[in-house]
Amino acid sequence: IQIEMPSTDFGRIAAQTAKQVILQKIRESEKDAVISEYNDKVGEIFTALMQRMQKGDVIFEIGKATAVMPQSEQISNEFYRLGERYKVLLKEIVDSQMVVSRVDPDFLIGLFKLEVPEIESGVVEIKGVAREAGSRSKMAVRSNQDGVDPIGSCVGQRGVRIANVMNELGE
C-alpha cells in the first residue's frame, strides 16, 4: 500500500519506531492466523517436534505454530529429547497460546482412534477411560454390531494395535 505523505524529514528514532510498530503488527497478524487455523482442531492429536525446555515446560512445534506442554500435562517418568517427534493432544488455546497434553484421557482415546479403524467408524464404542499417566491405563469398550469383538479389535492381531498405543504412551 502506498500513501503519499508530505515530505517532512523524519529523524532516525522516528523511522526506527515506525519500523518496530509495523513489524510487531505483522507478527501479531501471523500469530492470529495460525491460532485461528488450530481453533477448530482442539481435541485432535498432532505429531509435534520438541524444540526446547523452558522453566520445566516443553515447547513443541506443530506445523508453523508453537505449543506449550506445562509440567502438569507431562508424563512424569518421560524424558523429552530435543528434535524428537512426539504425539500430543491439543488440549486448549489460552490467550493465543496452544496448550498440549500427553496425560489427558482424551489422548488415549485419540491414539486408539488413530490405531483402531472400528472405533473411528463407530462400530466399537469407548464407554470409559481411567488413566494413571506413565504407569497404566484402562478402557471400557463395547460393540454396536453383532459379530465384532470390541476387545479383540482394540488389541489387534497378535497385539499389534495395543502394542503401538503402549509404545506411544510408555506404559
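Per chain, the residues get numbers from 1 upward, laid out in the order the sequence is written. Under the rules for a predicted model, residues below a pLDDT of 70 receive no local features and side-chain atom pairs below 80 are neither given nor counted, while totals for whole chains, interfaces and linings still include all residues. Calculated side-chain values reflect all of the structure's heavy atoms, with hydrogen atoms and water omitted.

## Topic: the overall build of the protein
Reasoning step 1: Per the secondary structure count, the protein includes 5 helices and 7 strands.
Reasoning step 2: If you list the helices and strands of the protein from N to C, you get α-β-β-β-β-β-α-α-β-β-α-α.
Reasoning step 3: The globule rule is 2.2 Å times the number of residues to the power 0.38, and the radius of gyration it is compared with is taken over C-alpha atoms. Its C-alpha atoms give the protein a radius of gyration of 23 Å, more than 25% over the compact-globule value 16 Å for 171 residues.
Reasoning step 4: Taking the principal axes of its C-alpha atoms as reference, the protein extends roughly 80 × 35 × 25 Å.
Reasoning step 5: Expressed as a percentage of the 171 residues in the protein, the buried residues total 29%.
Reasoning step 6: Intrachain contacts of the protein at a sequence separation of at least 6 include 55% that bridge at least 24 residues.
Reasoning step 7: We get accessible surface area from the Shrake-Rupley algorithm with a probe of 1.4 Å; when it comes to residues, only the shown protein chains can shield them. In the form shown here, the protein has an accessible surface area of approximately 11400 Å², with 50% of it arising from carbon and sulfur atoms.
Reasoning step 8: Charged side chains in the protein number 22 positive and 26 negative. The centres of these two groups are separated by 4 Å. A run of DSSP states H or I qualifies as a helix once it reaches four residues; a run of E qualifies as a strand once it reaches two. Both are numbered from the N-terminal end. A simple rule labels every residue: compare its accessible area, found with a 1.4 Å probe on the protein chains alone, to the largest value its type can have, and call it buried under 20%, exposed over 50%, or partly exposed in between. Contact definition: two residues touch when any of their heavy atoms are within 4.5 Å. Asp and Glu are treated as the negative residues and Lys and Arg as the positive ones, with His and the ends of the chain left uncounted. For this purpose, a charge sits on NZ of Lys, CZ of Arg, CG of Asp or CD of Glu.

## Quick look at the pairing of strand 2 (residues 57-62)
Reasoning step 1: DSSP calls a pair of strands paired once it identifies at least 2 bridges connecting them. Bridge analysis of strand 1 (residues 45-54) against strand 2 gives 5 bridges, and the strand direction is antiparallel. Within the sheet, the bridge partner assigned to Arg52 lies in strand 2 and is Ile59.
Reasoning step 2: Hairpin geometry of strand 1 and strand 2 is characterised by an intervening segment of 2 residues between the two adjacent antiparallel strands and by a positive phi of about 55° at Lys55.
Reasoning step 3: As paired elements, strand 2 and strand 3 (residues 65-69) share 5 bridges and run antiparallel to each other. Bridged to Ile62 within strand 3 is Ala65.
Reasoning step 4: In sequence, strand 2 turns back onto strand 3 through a hairpin of 2 residues, with Gly63 there showing a positive phi of about 65°.

## Regarding the pairing of strand 1
Reasoning step 1: Of the strand pairs in this sheet, strand 1 and strand 4 (residues 85-94) are connected by 5 bridges, and their pairing is antiparallel. Residue pairing in the sheet places Ala48 in a bridge with Tyr86 of strand 4.

## Section: the nonpolar core
In a soluble, globular protein the nonpolar side chains are often hidden away together inside.
Reasoning step 1: Nine residue types can take part in a nonpolar core, namely buried Ala, Val, Leu, Ile, Met, Phe, Trp, Tyr and Cys, and a core is a set of them joined through side-chain atoms within 4.5 Å. Core analysis: the biggest nonpolar cluster contains 20 residues, and Tyr38, Phe60, Ile62, Tyr80, Met98 and Val100 have the highest contact counts within it.
Reasoning step 2: Secondary-structure elements contributing two or more residues to this core are helix 1 (12-38), strand 1, strand 2, strand 3, strand 4 and strand 5 (97-101).
Reasoning step 3: The next biggest cluster of nonpolar side chains, apart from the first, holds 14 residues, and it includes Ile119, Val124, Cys154 and Leu169.

## Regarding the environment of Ile126
Reasoning step 1: Among the secondary structure elements, Ile126 is positioned in strand 6 (residues 124-132).
Reasoning step 2: Expressed as a C-alpha distance, the spacing of Ile126 and Gly63, which sit 63 residues apart in the sequence, is 30 Å.
Reasoning step 3: Non-local contacts of Ile126, meaning those with residues more than four positions away in its chain, are made with Ile109, Ile119, Met139, Ala140 and Val141.

## Some thoughts on helix 1
Reasoning step 1: How far a helix is expected to stretch is found by multiplying one less than its residue total by 1.5 Å. The terminal C-alpha atoms of helix 1 lie 40 Å apart, and with 27 residues this matches the ideal 39 Å at 1.5 Å per residue to within 8%.
Reasoning step 2: Restricting attention to buried positions, one finds in helix 1 the residues Val34, Ile35 and Tyr38.
Reasoning step 3: On its buried side, helix 1 packs onto strand 1, strand 2, strand 3, strand 4 and strand 5.

## Focus on the pattern of salt bridges
Reasoning step 1: The salt bridge criterion pairs a side-chain nitrogen of Lys or Arg with a carboxyl oxygen of Asp or Glu, the two atoms within 4 Å. Counting across every chain of the model gives 9 salt bridges.
Reasoning step 2: As a salt-bridge pair, Arg131 and Glu171 come within 3.3 Å of each other at their nearest N and O atoms. Of the two residues, Arg131 sits in strand 6 while Glu171 sits in the segment after helix 5 (160-169), which places them 40 residues apart along the sequence.
Reasoning step 3: In this structure Glu171 comes out as partly exposed when scored by relative accessible area, which is 23%.
Reasoning step 4: The partner of Arg136 in a salt bridge is Glu132, and the shortest N-O contact between them spans 3.2 Å.
Reasoning step 5: Classification of Glu132 by relative accessible area gives partly exposed; the value is 41%.
Reasoning step 6: Because the salt bridges share partners, they merge into one network encompassing Glu73, Lys91 and Asp104.

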